[in-house]
Structures are given as C-alpha cells and as structure tokens.
Amino acid sequence: MSAPASRSGRAPQSVAVRVPAKINLQLSVGPVEADGYHNLVTVFQAISLFDDLTIAYGDAGSGIKISITGDQTHGVPSDVNNLAAKAAAAICAKYELADDLEITINKSIPVAGGMAGGSADAAATIVAMDSLFALDMSRDEMTEIAADLGSDVPFLLSGGTAVGTGRGDQITQALSRGTYHWVLALSTVGLSTPAVYKECDRLREGMDVVEPVASDVLLKALLAGDAQALGKVLTNDLQPAAFSLRPALRLVLDVGKEYGALGSLVSGSGPTVAFLVGDEDHALDLTVALMSSGVVGSVARAYGPVHGAKVIDVKN
Ligand code: ATP
C-alpha cells in the first residue's frame, strides 16, 4: 500500500528502530504516596541488549497489527495491550493519522525481567512513528508522549546514563566516562513490577521511609569512570522484595560474588541479576561460572552506556 502524504513531503514505507534495555545502578524508592505510587530516584544506564522494532503501513482498515519474533517472546501481548501498540495509537490520535500499521518486534530484552523491555518498545515506536510519518517531533513532544506511556519510557528515548526522578520519568543526563561490562543472569519466569512494589511496601510496613536522593558517591564513580568504585555502591531498594518473592535469586548473587564481580544487584524489579565486571575476559569467566552453577536460566553479556532508541533502517 502507498505511504500517506506527510508534513514534509515523501514518507518512507517502513522504518526500523533499535532500542536498548536499561539497568538501574541506583534505585531508591520513597514512601508510598496516597495514590499507591512512590517517588523514585534512580540512576539508569542503557546497555547493549536490544529490541528491533519495524513499523510499516498496513492495509486500509486493518488497524494496528503486532508480530513478535526473536528469543524473548513468551508473555508478550500481540494485541492492544502491547506497549508499542499503545504508543502507536496515542500518536495516531494526537496527529490524526490513519492507524493501519504493521509493527514487528524482534525481542532480545527479557520479558518482565526488570529491564524495561515493554517501555523500550514504546520508546522505539515513538521514534519510528516520527520518522515514518515525518512528524518532526521535538524532543519535548516525544518525552511528553513517552511519560504518558510509562515511567521508564522517557529514559529509553535518550539512553546513555541518566538520573530519573519523580516516577523515574523526569530525566537528567549524568556524566559518565568509559564503558562498563555487565553479565546478566536471566530467569525464565519474570516478576510482576506491581507485585514487587507491593512486597516492598509490605516489608517496609511501620518503618520510617525517607525521601530518596541521588547517591553522590555513585555519580562521582561514573564521572571518574571507576568501575571498582561503582561496583561498591550499586543499590536497589526493591532487591529485598525481589528476594522475598524469589528466594533463589540470593544463590545467583552468591555465584557472582564468589567469581569476583565488582558489584551486583537485582535489575529494577527483577528477576534479572546484573553483575558488573572489569572487562570482557572477566565477563566470559563469570558467564561460564553462572552457566555451570545450575541456578540461572540463561546468561547474557552486555556493555553500557549505549544510545537510546535510534533509526537503523528506512525503506522508501
Ligand atoms: P519494568 O522494569 O519497566 O517494570 P519489566 O522489564 O519488568 O518492566 P516488561 O518486559 O516491560 O517488564 O514487561 C512487563 C509486562 O508488560 C509483560 O509481562 C507483558 O505482559 C507486558 N508488555 C506489554 N508490551 C510489551 C512489550 N512490547 N514487550 C514486553 N512486554 C510487554
């Protein structure tokens, strides 16, 4: 089918975007608010585990169609509940575009793994729609749509390293030197983010929970490019809740410590466990140790920081 007219003339037939996963180097969770949400301070790093998302025009009247491919497809909805479909629908409504679209997502980001795979696909959709319809959206326009879709979505537009405040959706880029190497212990069964927050609230009942602040030592370690120092100050307030719901994660963490990881933590709401290592050789050693430990589903290696959602192919 032919491409519709666009703001700036000829529009492409399809656009492919690559988007990274995130890990949280710091995730500090404030007291539960009246609406059930929490104020957060988090330091995000985008890492080299990617989903590739392609959007093409569909047949008239077909609506938004989603196809999922790749090695992480289990539990990903292929209907209106997919965050990519939600993002596309929001943009079609805002810019009065026909919503006949074919979206293909090749997923490598673990599903419900605390690495924001769904949010990544939403960010990729915003960037792809902007290019497909030549909307020339400003960064602010994109961020506004992103924040409405979920608190991790704005970060995945920009990527890199950033401090997130509010619900994690107010992003300030952080200065970071060098490249950090990660080994990721993946679980075959995900953890529900709302369930982990609920467990966090239960574990903290009766405790005085202070408003979160960004860790100075952590930001200084990033500025200095000091992986040893960074490894010592990785922190995640959701980790006790993830351990409580999935006790076996402690064993995974122990393997990393035994094999000399510079630091380790559960990523976001889990269950992925991220290990910071010194270099690629160290990453390989730890990968082998984790694989032979029998306590992890699979292992991935990644580095960060990397770019946010980015167009990688345009077909005219
Ligand atoms: P976060 O860390 O942002 O809380 P997560 O990484 O733990 O998220 P996701 O992979 O984003 O979890 O998936 C959470 C749930 O969202 C899935 O179980 C699935 O039902 C739903 N979902 C909707 N769209 C997508 C998508 N494009 N990719 C993956 N999951 C999606």
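- Within an unreviewed UniProt entry, the label attached to the chain reads 4-(cytidine 5'-diphospho)-2-C-methyl-D-erythritol kinase, and the organism entered is freshwater metagenome.
- Regarding the chain, the relevant UniProt record gives this comment under Sequence similarities (unreviewed entry): "Belongs to the GHMP kinase family. IspE subfamily."

Observations concerning the nonpolar core
Where a protein is soluble and globular, its nonpolar side chains tend to be buried together.
Next, step 1: Among the nonpolar cores identified, the biggest contains 70 residues, and Ile91, Ile126, Met129, Trp182 and Leu184 are the most heavily contacted of them.
Next, step 2: Split by domain, this core shows at least three residues from each of two domains, domain 1 (14–174 + 305–315) and domain 2 (180–304).
Next, step 3: Residues Val29, Val266, Ala283 and Leu290 belong to the second largest nonpolar core, which totals 28 residues.

Details of the site of the ligand
Next, step 1: In the vicinity of the ligand lie 22 residues, with Ala116, Gly118, Asp121, Asp152 and Thr193 positioned nearest.
Next, step 2: Interatomic distance of 2.6 Å between a side-chain N/O atom of Thr193 and an oxygen atom of the ligand.
Next, step 3: In the complex, 78% of the free accessible area of the ligand, which totals 610 Å², lies under the protein chains.
Next, step 4: When residues of the shell around the ligand are assigned to their parent elements, the largest contribution, four residues, is made by helix H2 (residues 117–132).
Next, step 5: In terms of residue class, the shell around the ligand is made up of eight nonpolar, ten polar and four charged.

What to know about the packing of helix H1 (residues 83–95) against H2
Next, step 1: Where H1 contacts H2, the axes come no closer than 7 Å and their chain directions differ by 35 degrees. Crossing geometry of H1 relative to H2 is assigned as right-handed. Judged by residue contacts, Leu83, Ala84, Ala87, Ala88, Ile91 and Cys92 of H1 engage Gly118, Ser119, Asp121, Ala122, Thr125, Ile126 and Met129 from H2.
Next, step 2: Grouping the constituent residues of the contact of H1 with H2 by class yields nine nonpolar, three polar and one charged.

Re the side chain of Gln239
Next, step 1: Position of Gln239 relative to the elements: it lies in helix H8 (residues 239–245).
Next, step 2: Discounting chain neighbours no more than four positions away, the residues touching Gln239 are Leu253, Leu265 and Val266.

Observations regarding the UniProt feature "domain: GHMP kinase N-terminal" (unreviewed entry) in the chain
Next, step 1: What UniProt calls "domain: GHMP kinase N-terminal" (unreviewed entry) maps, in this numbering, to residues 82–160.
Next, step 2: Note that residues 82–160 is 58% helix and 9% strand, and that its end C-alpha atoms are spaced 25 Å apart.

Thoughts on the domain arrangement of the chain
Next, step 1: Here the chain is described as being made up of domain 1 (14–174 + 305–315) and domain 2 (180–304).
Next, step 2: For domain 1 and domain 2, the distance between their C-alpha centres works out to 23 Å.
Next, step 3: The junction of domain 1 with domain 2 conceals about 2,600 Å² of combined surface from both sides, 62% of it contributed by carbon and sulfur atoms.
Next, step 4: Looking at the side of domain 1 facing domain 2, the largest losses of area belong to Leu25, Leu27 and Val29, adding up to 21% of the total buried there.

Quick word on the sheet that holds strand E7 (residues 180–186)
Next, step 1: One open sheet holds the four strands; their spatial order is E9-E10-E7-E11, and the pairing between them is antiparallel. Each of the sheet's edge strands pairs with one partner strand only, and the pair in question is strand E9 (263–266) and strand E11 (298–304). Mean inter-strand twist for the sheet, computed between neighbouring axes without regard to direction, equals 25 degrees.
Next, step 2: The pairing of E7 with E11 spans seven bridges and is classified as antiparallel. By the bridge assignment for E11, Leu186 is matched with Ser298.
Next, step 3: With respect to the sheet, helix H9 (residues 249–258) is in contact with E7, E9 and strand E10 (273–277), its orientation differing from that of E10 by roughly 10 degrees.

Some remarks on the pattern of salt bridges
Oppositely charged side chains may form a pair once their charged atoms are brought near each other.
Next, step 1: In this structure the tally under the stated criterion is seven salt bridges.
Next, step 2: When the shortest N-O distance is used, the salt bridge between Lys107 and Asp121 registers 2.8 Å. You can see Lys107 sitting in strand E4 (residues 101–107) and its partner Asp121 sitting in helix H2, a full 14 residues away along the chain. In terms of burial, Lys107 and Asp121 fall into one category: buried.
Next, step 3: A single salt-bridge network, built from bridges that share partners, covers Asp51, Lys107 and Asp121.

Considerations on the environment of Ile126
Next, step 1: With respect to the secondary-structure elements, Ile126 resides in helix H2.
Next, step 2: Overall, the relative accessible area of 0% leaves Ile126 in the buried class.
Next, step 3: In the structure, Ile126 is positioned 81 residues away from Gln45 in sequence and 20 Å away in space, judged by C-alpha atoms.
Next, step 4: Setting aside anything within four residues of it in sequence, one finds Ile126 in contact with Ile91, Met137, Met142, Ile145, Ala146, Leu149, Val153 and Leu157.

Basis of the calculations
- Residues numbered from 1 in each chain as written.
- Predicted model: local features only at pLDDT ≥ 70, side-chain atom pairs only at ≥ 80, totals over all residues.
- Heavy atoms only, no water.
- UniProt positions renumbered as here; feature names shortened; annotations may be inferred.
- Core = buried A, V, L, I, M, F, W, Y, C linked by side-chain atoms within 4.5 Å.
- Buried < 20%, exposed > 50% of the residue type's maximum accessible area, 1.4 Å probe, protein only.
- Domains from an automatic or database assignment.
- Near = heavy atom within 4 Å.
- Polar contact = N/O pair within 3.5 Å; in protein donor to acceptor, adjacent residues only side chain to side chain.
- Areas by Shrake-Rupley, 256 points an atom, 1.4 Å probe, with all protein chains shown as cover.
- Helix = DSSP H or I, 4+ residues; strand = E, 2+ residues; numbered from the N terminus.
- Nonpolar A, V, L, I, M, F, W, Y, C, P; charged D, E, K, R; others polar.
- Axes fitted to C-alpha atoms, helices over the stretch in contact; angles between N-to-C directions.
- Left-handed = near helix turned anticlockwise from the far one by under 90°.
- Contact = heavy atoms within 4.5 Å.
- Buried area = accessible area lost by both parts, 1.4 Å probe.
- Pairing = 2+ DSSP bridges.
- Salt bridge = Lys/Arg side-chain N within 4 Å of Asp/Glu carboxyl O.

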